[in-house]
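# A structural walkthrough
Next come the chains, spelled out residue by residue.
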Amino acid sequence: QFSITSHALQSGDSLYMFSDGYVDQFGGPQNRKFMSKQFKELICSIQHESMESQKEILDRTIETWRGNTKQIDDIIVIGLKM
């Protein structure tokens, strides 16, 4: 079942859509999943950057996180800035 929710967007607001690939990626010092909480903190910490800078930061962060671990799933992050 779906519900419809409306939000008024303002100039400068950002919207993000993403697959579970980023948060489910194994890596880090204990070879654990990146997890939703860490992803949310990352997005919140970089949302003031340009979209191009955000892409670079997201790419660099997941590559560093993965280290030598294989990518286990597709990773899709779509960001829109109003």
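The following refers to the structure shown. (Residues numbered from 1 in each chain as written. Predicted model: local features only at pLDDT ≥ 70, side-chain atom pairs only at ≥ 80, totals over all residues. Heavy atoms only, no water.)

## Focus on unusual backbone geometry
The condition is simple: Under the scheme used here, helices are H or I runs from DSSP no shorter than 4 residues and strands are E runs no shorter than 2 residues, and both carry numbers assigned from the N terminus. Each residue is placed in one exposure class: buried if its accessible area under a 1.4 Å probe, protein chains only, is under 20% of its type's maximum, exposed if it is over 50%, and partly exposed if it falls in between.
The phi angle at asparagine 31 is positive, at roughly 50°, despite the residue not being glycine. In this fold, asparagine 31 is placed in the loop between β2 (26-27) and β3 (32-33). Of the residues examined, asparagine 31 reaches a relative accessible area of 41% and is grouped as partly exposed. Not every positive phi belongs to a glycine, and methionine 35 is a case in point at roughly 80°. Mapped onto the elements of the fold, methionine 35 is located in the loop between β3 and α1 (36-46).

## Concerning the side chain of glutamine 25
Put simply, the rule is: Any pair of nitrogen or oxygen atoms within 3.5 Å is treated as a polar contact; in protein, a donor-acceptor pairing is required on top of that, and neighbouring residues in sequence qualify only through side-chain atoms on both sides. A contact between two residues is defined here by any heavy atoms of the two lying within 4.5 Å.
Within the secondary structure, glutamine 25 sits in the loop between β1 (14-18) and β2. Within polar-contact distance, the side chain of glutamine 25 engages the backbone oxygen of lysine 70 at 3.0 Å. Beyond its immediate stretch of four places on either side in the chain, glutamine 25 contacts Arg32, Lys33, Phe34, Ile62, Trp65, Arg66, Thr69, Lys70, Gln71 and Ile72.

## Some words on the packing of α1 against helix α2 (residues 51-66)
Note the following rule: Here the axes come from fitting lines to C-alpha atoms, over the contacting stretch only for helices, and the angles between their N-to-C directions go from 0 to 180 degrees. Handedness of a helix crossing follows the sense of rotation of the near helix relative to the far helix, less than a right angle counterclockwise being left-handed and clockwise being right-handed. Ten residues, namely Ala, Val, Leu, Ile, Met, Phe, Trp, Tyr, Cys and Pro, are considered nonpolar, four, namely Asp, Glu, Lys and Arg, are considered charged, and the remaining ones, Gly among them, are considered polar.
Running from N to C, α1 and α2 point in directions that differ by 150°, and their axes come no closer than 10 Å. The interaxial crossing formed by α1 with α2 has right-handed handedness. Here Gln38, Phe39, Leu42, Ile43 and Ile46 of α1 lie close against α2, whose contacting residues are Gln54, Ile57, Leu58, Thr61 and Trp65. Broken down by class, the residue content of the contact of α1 with α2 amounts to 7 nonpolar, 3 polar and no charged.

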